[in-house]
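# Inside the fold
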Amino acid sequence: MSRLPVRKTYKLFIGGAFPRSESGRSYVVTSPKGDFLANASRASRKDARDAVVAARKAFPGWSGATAYNRGQILYRVAEMLEGRRAQFVEELGIGKKAAQEAVDATIDRLVWYAGWSDKVSAVHGTPNPVAGPYFNLSSPEPTGVVAVIAPADPLLGLVSVVAPMIVTGNTCVVVASEPSPLAAITLAEVLATSDLPGGVVNILTGQQAELAPWLASHMDVNGLDLTGVADPDLALRCEQDAAENLKRVLRLSDVDWTADPGLGRMTRFLEIKTVWHPLGI
């Protein structure tokens, strides 16, 4: 006897839970050929505010965790992603070979950032030579809550902007790729089962033009990554709104996600704390 398939419901990811949008809205996601794939939740500004609250609540515990522990958790995310490799290959919908390469590169990228978790402070922190009976030490610390407008690349690009944020102790609110949000929510399922505390990563699906300005102007957001904003007018508006509370802003375009990522994304949203300490006599 034939049976009806159980279709997956794509929700938001806020505070470790999977709520529907408070507005009840959704939008149609189609394949590159225009075929119907799913209905994704269309987040509202209220959902964005809830995500910021969750990220702020998670920040003290996550930033206070040891760098080694954060690296362990990112490595666990890579392990879980490896275990669901076939699902991601199918869900990307870009051809089997290209999808396999994208998933493999994503797993490798997570492992790469996990390895940097306890090394970035050694590279970007330093004892400073001073004239006087003092120790002078500079060390990097996370900025806080960072809003991320994810690039069009639905998996490798997404992980390449999120992993450097969280490995250094920041928490984030991510607006997933508008035309290709399905892999982002499946990734959220991986994050939810990978020992990552709820609220460290929050993923919204919906319209970039609707959500980005609210996150840019939110006074409890400390940083803004506009990598995924292709509209120059929208990017300019977000930069202007971000200036209200002196957010750190990253705006890049035409990024090759398969290239060596370097350390730039990790250090962009770090603050440098300098401590003076008198020498003992």
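The structure reproduced in this document is the subject of the present report. Residue positions are counted from 1 within each chain, in the order its sequence is given. In view of the model being predicted, local features appear only for residues whose pLDDT reaches at least 70, and side-chain atom pairs are presented and counted only at 80 or more, with totals across whole chains, interfaces and linings using the full set of residues. Values shown for side chains rest on all heavy atoms present in the structure; no hydrogens or waters enter the calculation.

### Some points on the nonpolar core
Stated formally: Buried residues of nine kinds, namely Ala, Val, Leu, Ile, Met, Phe, Trp, Tyr and Cys, make up a nonpolar core once their side-chain atoms join them within 4.5 Å. Summary of the burial criterion: residues with accessible area below 20% of their type's maximum are buried, those above 50% are exposed, and those between are partly exposed, where the area comes from a 1.4 Å probe applied to protein chains only. Each helix is a run of DSSP H or I of at least 4 residues and each strand a run of E of at least 2, with the numbering of both proceeding from the N terminus. What makes two residues a contact is simply this: any of their non-hydrogen atoms within 4.5 Å.
Core analysis: the largest hydrophobic core is formed by 55 residues, its most contacted members being Val-162, Ile-166, Val-174, Leu-191, Leu-196, Val-201 and Ile-203. When residues in this core are grouped by element, the largest group, 9 residues, is from helix 6 (residues 156–167). Ignoring anything within four residues of it in the chain, the contact list for Val-174 reads Val-148, Ala-150, Leu-158, Val-162, Val-201, Asn-202, Ile-203 and Leu-204.

### Observations concerning the pattern of salt bridges
Rule in force here: Each salt bridge in this description consists of a side-chain nitrogen of Lys or Arg and a carboxyl oxygen of Asp or Glu lying within 4 Å of one another.
Using the criterion set out here, one finds 14 salt bridges in the structure. Between Arg-76 and Glu-79 there is a salt bridge; the shortest N-O distance is 3.2 Å. Pair noted here: Arg-76 and Glu-79 are both in helix 2 (residues 67–83), with a separation of 3 residues, about one helical turn. Residue class for Arg-76 comes out partly exposed when judged on its relative accessible area of 32%. The class of Glu-79 is partly exposed, set by a relative accessible area of 38%. A salt bridge links Asp-118 to Lys-119; the shortest N-O distance between them is 3.2 Å. What makes Asp-118 partly exposed here is its relative accessible area of 36%. A relative accessible area of 42% places Lys-119 in the partly exposed class. One salt-bridge network, held together by shared partners, links Lys-8, Arg-84 and Glu-189.

### What to know about the environment of Pro-278
Residue position: Pro-278 is located in strand 10 (residues 270–278). With 277 residues separating them in the primary sequence, Pro-278 and Met-1 have C-alpha atoms 80 Å apart. Setting aside residues no more than four positions away along its own chain, Pro-278 makes contact with Pro-133 and Tyr-134.

### Let's talk about the side chain of Thr-227
Applicable threshold: Identification of polar contacts relies on pairs of N or O atoms within 3.5 Å, with a donor-acceptor requirement for protein atoms, meaning one able to donate a hydrogen and the other able to accept it, and with residues adjacent in sequence counted only if both atoms are side-chain atoms.
Along the polypeptide, Thr-227 turns up in the loop between strand 8 (223–225) and helix 9 (232–242). Look at Thr-227 and you get buried, because its relative accessible area is 9%. A polar contact is formed between the side chain of Thr-227 and the side chain of Asp-225, at a distance of 2.5 Å. When sequence neighbours within four positions are dropped, the list of residues in contact with Thr-227 reads Ile-149, Pro-151, Leu-250, Leu-252, Val-255, Trp-257 and Arg-265.

### As for the pairing of strand 7 (residues 201–204)
The condition is simple: Being paired, for any two strands, means DSSP has found at least two bridges between them. Note on handedness: a clockwise path from strand one over the helix to strand two, with the strands aimed away from the viewer, defines a right-handed crossover.
With burial as the criterion, each face of strand 7 is covered, one bearing Val-201 and Ile-203 and the other bearing Asn-202 and Leu-204. As paired strands, strand 6 (residues 171–175) and strand 7 are joined by 4 bridges and run parallel to one another. Residue Cys-172 lies in a different strand from strand 7, and its bridge partner there is Val-201. In this view, the connection linking strand 6 to its parallel neighbour strand 7 by way of helix 7 (residues 182–192) has right-handed handedness.

### Considerations on the sheet that holds strand 9 (residues 248–250)
Convention followed: In this analysis an axis means a line fitted to C-alpha atoms, helices contributing only their contacting stretch, and an angle means the value between N-to-C directions, from 0 to 180 degrees.
Taken in spatial order, the 5 strands line up as 7-6-5-8-9 in an open sheet, and their pairing is parallel. Each edge of the open sheet is held by one strand with a lone partner, namely strand 7 and strand 9. If you compare each strand with its neighbour and ignore which way they point, the axes differ by 15° on average. Helix-sheet contacts for helix 1 (residues 45–64) involve strand 5 (145–149), strand 6 and strand 7, and the interaxial angle to strand 6 is about 155°.

### Description of the state of the cysteines
Just so we agree on the cut-off: Counting rule for disulfides: a pair of cysteine sulfur atoms within 2.5 Å.
Tallied over the entire structure, the rule returns 0 disulfides. Residue Cys-172 stays outside any disulfide, its sulfur separated by 17 Å from that of Cys-238, the closest cysteine. The class of Cys-172 is buried, set by a relative accessible area of 0%. Overall, Cys-238 belongs to the buried group, its relative accessible area being 0%.

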